[in-house]
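# Structural description and commentary
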Protein chains: 2
Amino acid sequence: MIPEQIQKFIELFSKLPSIGPRLATRLAFYLVGKDTSTISRLEEALGGLKKLDRCERCFFLKNTDKKLCDICSDKKRDPGSIAIVEKETDLITIEKTGAFHGHYLVLGELAERGVFESAQKLRLQHLKARINKELSGKAKEIVIALSQNSFGDFTATLIEQVFKNSAEKITRIGRGVPTGGSIEFADEETIMSAFKRRN
Amino acid sequence: MIPEQIQKFIELFSKLPSIGPRLATRLAFYLVGKDTSTISRLEEALGGLKKLDRCERCFFLKNTDKKLCDICSDKKRDPGSIAIVEKETDLITIEKTGAFHGHYLVLGELAERGVFESAQKLRLQHLKARINKELSGKAKEIVIALSQNSFGDFTATLIEQVFKNSAEKITRIGRGVPTGGSIEFADEETIMSAFKRRN
């Protein structure tokens, strides 16, 4: 009784993260109610993603027809300074602030077990090789820009061990009370490090 | 810094129901990580929906190349008995039980203000014209199969007024669906007894 096109849609879209069968069903009926040009535009937007893959140097996104991403190919940026981030969206958030002018390594979403997956180990090894090849074995600075929680801290410690001989200094982004945040609601650890980093 | 393909994807998909910018962003990066055949399959499933539109008789879904839906064109069903449902998914749920062998009118999702939207008024008028033309002005039975809550009850009362001279009897699905429960979440047995106990 359910048209096969609806069934097919639900089958495939319900497998996407945070979209279960209920939302997929809702989307299907919603879209059938829209005119076909709306669907065509969504199809195009979806198809556009096929023109993207990963930069083979930093693992951020790039156009398939380019060798490197916009950041890695930007001559004005400092390749000796490398920020290690977890997700592409973290990189984008940092870029929006303009606070960092170096290059990146995108590690990929960390599993909650507190160990690196094999793809992440490869990316870290890849960065080591990149430092050896491009920077004669020593980066000026590696900034570990992971989320500020005990799990991020643990991962940062692992990364520090991997690169202890590959960088002049290894830093972590500062921890403190965020802009607009009140001391009253900040956790103790945040306040302690905010005090340590007072300036 | 965000590739334009990602921006485009987020812009369009974040407008879909229950998909905000956060989920759209997540989906975009998830999909770039998948191989292109996964994206192609999703594109096809999306495009498939363009082959569906509404049955001009009952407003359920049908293939664009057919004049009527599978239910309206089924000669074995009784056109004199008409169930009025809110959503396509309600119709599908009822069909799965096999409890009803008549035809339908899909009213469309009801606004919470408790009045019919103009499209819904048109559909009700359309049903009236259908009863006049096909059934000489009088249906054998109109079953109001709306969700069992005070809002559904109110809507049912409005529908009863519209069709009071157009049906030998107007019934509502009965005691089986618990107060406050919506048809979508009811199990098959509940729906079957609700149909048997219609009064």
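Residues numbered from 1 in each chain as written. Chains lettered and ligands numbered in written order. Predicted model: local features only at pLDDT ≥ 70, side-chain atom pairs only at ≥ 80, totals over all residues. Heavy atoms only, no water.

## A short note on the packing of helix α5 (residues 118–134) of chain B against helix α6 (residues 150–163) of chain B
All names here are of chain B. Applied cut-off: Axis geometry follows a simple rule: fit a line to the C-alpha atoms, using only the stretch in contact for helices, then measure angles between N-to-C directions, giving values from 0 to 180 degrees. For helices the rule is a DSSP run of H or I covering at least 4 residues; for strands it is a run of E covering at least 2, with both sets numbered from the N terminus onward. Crossing handedness is read from the near helix: turned anticlockwise from the far helix by less than a right angle, it gives a left-handed crossing, and turned clockwise, a right-handed one. Every residue pair with non-hydrogen atoms within 4.5 Å of one another is taken to be in contact. Gly falls in the polar group here, along with every residue not listed as nonpolar (Ala, Val, Leu, Ile, Met, Phe, Trp, Tyr, Cys, Pro) or charged (Asp, Glu, Lys, Arg).
Between α5 and α6, whose axes approach to 11 Å, the crossing angle comes to 35°. When you trace α5 past α6, the crossing you get is right-handed. Counted together, Leu-124, Gln-125, Leu-127, Lys-128 and Ile-131 of α5 and Ile-159, Val-162 and Phe-163 of α6 form the full contact between these two elements. Among the residues making up the contact of α5 with α6, the classes are represented as six nonpolar, one polar and one charged.

## Overview of the packing of aromatic side chains
Residue and element names in this part refer to chain A. Note the cut-off: Only Phe, Tyr and Trp rings are paired, with Trp represented by its six-membered ring, and only when their centres lie within 6.5 Å; those with planes under 30 degrees apart are stacked, over 60 edge-to-face, the remainder tilted. Think of it in three bands: with a 1.4 Å probe and only protein chains considered, a residue is buried below 20% of the maximum accessible area for its type, exposed above 50%, and partly exposed in between.
In this structure the tally under the stated criterion is four aromatic pairs over all chains. Arranged with centres 4.2 Å apart and planes meeting at 15°, the rings of Phe-9 and Phe-13 form a pair that is stacked. Within this pair, Phe-9 and its partner Phe-13 are both found in helix α1 (residues 4–13), separated by four residues, close to a single helical turn. Overall, Phe-13 belongs to the buried group, its relative accessible area being 4%. Their ring planes at 65° and their centres at 5.3 Å tell us that Phe-100 and Tyr-104 sit as a pair that is edge-to-face. The two residues Phe-100 and Tyr-104 agree in class, both being buried.

## Observations regarding unusual backbone geometry
Even without a glycine there, the phi angle at Ser-18 of chain A is positive, about 65°. Looking at where Ser-18 of chain A falls in the secondary structure, it is placed in the loop between α1 and α2 (21–33). Of note in the backbone geometry, Ser-136 of chain B takes a positive phi value of approximately 50° without being a glycine. Considering the arrangement of structural elements, one finds Ser-136 of chain B in the loop between α5 and β5 (139–145). Owing to a relative accessible area of 70%, Ser-136 of chain B belongs among the exposed residues under this scheme.

## Looking at the domain arrangement of chain A
What counts, and what does not: Residue ranges for the domains trace back to a domain assignment, done automatically or taken from a database.
Partitioning chain A into structural domains gives domain 1 (4–52) and domain 2 (54–172). Computed over C-alpha atoms only, the centres of domain 1 of chain A and domain 2 of chain A are separated by 34 Å.

## Overview of the interface of chain B and chain A
Heads up, the condition is: When two components associate, each loses some accessible surface as probed by a 1.4 Å sphere; the sum of these losses over both components is called the buried area. When a carboxyl oxygen of Asp or Glu lies within 4 Å of a side-chain nitrogen of Lys or Arg, that pair is called a salt bridge. For the purposes of these results, a polar contact is taken to be a pair of N or O atoms within 3.5 Å, where, inside protein, one atom must be able to donate a hydrogen and its partner to accept one; residues adjacent in sequence count only when each atom of the pair is a side-chain atom.
If you look at the interface, chain B gives 51 residues, while chain A gives 50 residues. For the chain B and chain A pair, buried surface summed over both sides reaches about 4,800 Å², with 79% attributable to carbon and sulfur atoms. Taken together, chain B and chain A are joined by two salt bridges. For Lys-50 of chain B, the salt bridge goes to Glu-43 of chain A, with nearest N and O atoms at 2.7 Å. Counting across the interface, chain B meets chain A through eight residue pairs in polar contact (both at pLDDT 80 or more). Of all the secondary-structure elements, those providing two or more residues to the side of chain B that touches chain A are α1 (4–13), α2 (21–33), α3 (36–48), β1 (52–54), β2 (61–63) and α4 (88–97) of chain B. By residue class, the composition of the side of chain B that touches chain A is 29 nonpolar, 10 polar and 12 charged.

## A few points about the packing of α1 of chain A against α2 of chain A
Each packed pair of helices is defined by two parameters, the angle between the axes and the distance between the axes. Residue and element names in this part refer to chain A. Stated precisely, the cut-off is as follows: Roughly parallel refers to an angle under 35 degrees, roughly antiparallel to one over 145, roughly perpendicular to one between 65 and 115, and oblique to any angle outside these ranges.
Packing of α1 against α2 brings their axes to within 8 Å, and their N-to-C directions diverge by 135°. Regarding the angle of α1 to α2, the classification is oblique. Note that α1 runs across α2; the crossing there is right-handed. Counted together, Ile-6, Phe-9, Ile-10 and Phe-13 of α1 and Pro-21, Ala-24, Thr-25, Leu-27, Ala-28, Phe-29, Leu-31 and Val-32 of α2 form the full contact between these two elements. Looking at side-chain class alone, the contact of α1 with α2 contains 11 nonpolar, one polar and no charged residues.

## Here we look at the state of the cysteines
Residues and elements named next belong to chain A. Put simply, the test is: Sulfur atoms of two cysteines make up a disulfide when they are within 2.5 Å.
In this structure the tally under the stated criterion is zero disulfides over all chains. As a non-bridged cysteine, Cys-55 has Cys-72 as the owner of its nearest cysteine sulfur, 3.8 Å distant. Among the cysteines around Cys-58, which has no disulfide bond, Cys-69 carries the closest sulfur, lying 3.6 Å off.

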